[in-house]
Amino acid sequence: MTKKAPSLDEKGVPSTSNAAVQVRRVLLLGLVAGYVDALGFVDLNGVYTAAMTGNTVQLGITFVRQQWSHFALIALTLGSFFCGGLISSLIRKRIRRPPAELFIMAGLLIVTEGIRWRTPHLVSVELPLLAIAMAMQGETVSRFGGLSIQTIVVTNTMLKCADAMVAYIGERMNRRRSGADGARPTGIVEIAVPATAWFAYTVGAGGGSAAAMSLRTPLLIPVILLILTACDLLITSPHESA
């Protein structure tokens, strides 16, 4: 199946016509990641389901402090996330369609919700499943037009946003001083996409925290968001492969 090329400008970033699509996708996936990560942290003993940097730090701390039960839980989460990456990579080699993986991820969250609903706080099962789901998201959609953005972490995303802002302002100032058009400056889309991912992760985290305390089936919300994202990919990029 022929891969449909995204609408890019001469610098390889999304064109204006494609920008809204990319911002919409990164918004939906950022909400999912922040929501699930916060839900796991609040609901499951302060362990992240997506932010493996934080979990790795906790692994070292709990080892030194000899907090073996928490150490084992964090190690299980890290191992599950890594296995989720392996599984997702294998799926991608056979299916090569991001919407299909997002539907699989939604199904995994539904299974997790069923376990959570029937047996609340079954940490040893729920947390690894959420970690696998987050790893699948990280492997599935990480390019938005010509931009590489990871929706399950924000550290690199923040740096990309800052770099794009500096480049945008600097290039505009140089053009004004020289009075020449020169090369097209960094597009506003290069700022908007990572900024949206960062913003969405924050809002999603707040939503996940509130849902953990007030909803009986909180994971249905990210399931809906994943289905919407998968449908968006199918409608706007029907031939797009991973």
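Residues numbered from 1 in each chain as written. Predicted model: local features only at pLDDT ≥ 70, side-chain atom pairs only at ≥ 80, totals over all residues. Heavy atoms only, no water.

Draft legend 1. The arrangement of the packing of helix α3 (residues 68–95) against helix α4 (residues 98–118) in detail. Where α3 meets α4, the axes come as close as 9 Å, and the angle between the chain directions of the two elements is 140 degrees. Looking at the two axes, α3 sits oblique to α4. Of the two possible hands of crossing, α3 and α4 adopt the one that is right-handed. Here Ser88, Ile91, Arg92 and Ile95 of α3 come into contact with α4, specifically with Ala100, Glu101 and Ile104. Tallied by class, the residues present in the contact of α3 with α4 amount to four nonpolar, one polar and two charged. (Axes fitted to C-alpha atoms, helices over the stretch in contact; angles between N-to-C directions. Helix = DSSP H or I, 4+ residues; strand = E, 2+ residues; numbered from the N terminus. Parallel < 35°, antiparallel > 145°, perpendicular 65-115°, else oblique. Left-handed = near helix turned anticlockwise from the far one by under 90°. Contact = heavy atoms within 4.5 Å. Nonpolar A, V, L, I, M, F, W, Y, C, P; charged D, E, K, R; others polar.)

Draft legend 2. Seen up close, helix α2 (residues 52–64). For α2, spanning 13 residues, the distance from its first C-alpha to its last is 18 Å, which sits close to the expected 18 Å at 1.5 Å a residue. Within α2, burial applies to Met52, Asn55, Gln58 and Thr62. Projected down its long axis, α2 carries its buried residues within an arc of 110 degrees, all on one side. For α2, exposure combined with an orientation more than 90 degrees from the buried face picks out Thr53, Val57 and Val64. Packed against the buried residues of α2 are α3. Of the residues trailing α2, Gln66 is marked for its positive phi of about 60 degrees. (Expected span 1.5 Å × (residues − 1). Buried < 20%, exposed > 50% of the residue type's maximum accessible area, 1.4 Å probe, protein only. Arc of directions from axis to C-beta.)

Draft legend 3. Looking closely at the packing of aromatic side chains. Taken as a whole and assessed by the stated rule, the structure comprises four aromatic pairs. Relative to Tyr48, the ring of Phe41 has its centre 4.9 Å away and its plane inclined at 25 degrees; by these criteria the two rings are stacked. Accessibility expressed as a relative area gives 36% for Phe41, which makes it partly exposed. Owing to a relative accessible area of 28%, Tyr48 belongs among the partly exposed residues under this scheme. Plain terms: the ring middles of Phe63 and Phe71 are 5.8 Å apart, the flat faces sit at 50 degrees to each other, and that makes the pair tilted. Ring pairs connect the aromatic residues Phe63, Trp68 and Phe71, which therefore count as one cluster. (Phe/Tyr/Trp six-rings, centres within 6.5 Å; stacked < 30°, edge-to-face > 60°.)

Draft legend 4. Up close: the nonpolar core. Membership of the largest hydrophobic core comes to 48 residues, with the highest contact counts inside it found for Met134 and Leu226. At 10 residues, helix α5 (residues 123–140) tops the list of elements feeding residues into this core. In this structure Met134 touches Val32, Ala33, Val36, Thr49, Ala50, Phe81, Met105 and Ile152, once residues within four positions along its chain are discounted. (Core = buried A, V, L, I, M, F, W, Y, C linked by side-chain atoms within 4.5 Å.)

Draft legend 5. Quick peek at the environment of Ala164. Residue position: Ala164 is located in helix α6 (residues 155–178). What makes Ala164 buried here is its relative accessible area of 7%.

Draft legend 6. Representation of the packing of α3 against α5 within the structure. Viewed as axis vectors pointing N to C, α3 and α5 meet at an angle of 40 degrees, and their least axial separation amounts to 7 Å. Taken as axis vectors, α3 and α5 run oblique relative to one another. The interaxial crossing formed by α3 with α5 has right-handed handedness. Across from Leu73, Leu76, Thr77, Ser80, Phe81, Gly84, Gly85, Ser88, Ser89, Ile91 and Arg92 in α3, the residues of α5 making contact are Val123, Ser124, Leu127, Pro128, Ala131, Ile132, Met134, Ala135, Met136, Glu139 and Thr140. Across the contact of α3 with α5, the residue classes tally to 12 nonpolar, eight polar and two charged.

Draft legend 7. Examining the confidence of the model for the protein more closely. Residues at a pLDDT of 70 or more form 86% of the protein, whose mean pLDDT is 84. Mean pLDDT values for the elements of the protein range from 83 in strand β1 (residues 143–144) up to 95 in α2. Segment residues 1–16 is flagged for pLDDT under 50; beyond a separation of four residues in sequence, or across chains, it makes 37 contacts in the model. (pLDDT = per-residue confidence, 0-100.)

Draft legend 8. Quick peek at the pattern of salt bridges. Enumeration according to the criterion identifies three salt bridges in this entry. Asp232 is the partner of Arg25 in a salt bridge, and the nearest nitrogen-oxygen pair spans 3.4 Å. Of the two residues, Arg25 is situated in helix α1 (residues 16–43) and Asp232 in helix α8 (residues 220–236); the sequence distance between them amounts to 207 residues. The exposure class assigned to Arg25 is buried, which follows from its relative accessible area of 3%. A salt bridge links Glu126 to Arg116; the shortest N-O distance between them is 3.5 Å. In this pair, Glu126 sits in helix α5 while Arg116 sits in helix α4, placing the two residues 10 residues apart along the sequence. Each member of the pair, Glu126 as well as Arg116, carries the same accessibility label: buried. One network of salt bridges, with partners in common, ties together Arg24, Arg25 and Asp232. (Salt bridge = Lys/Arg side-chain N within 4 Å of Asp/Glu carboxyl O.)

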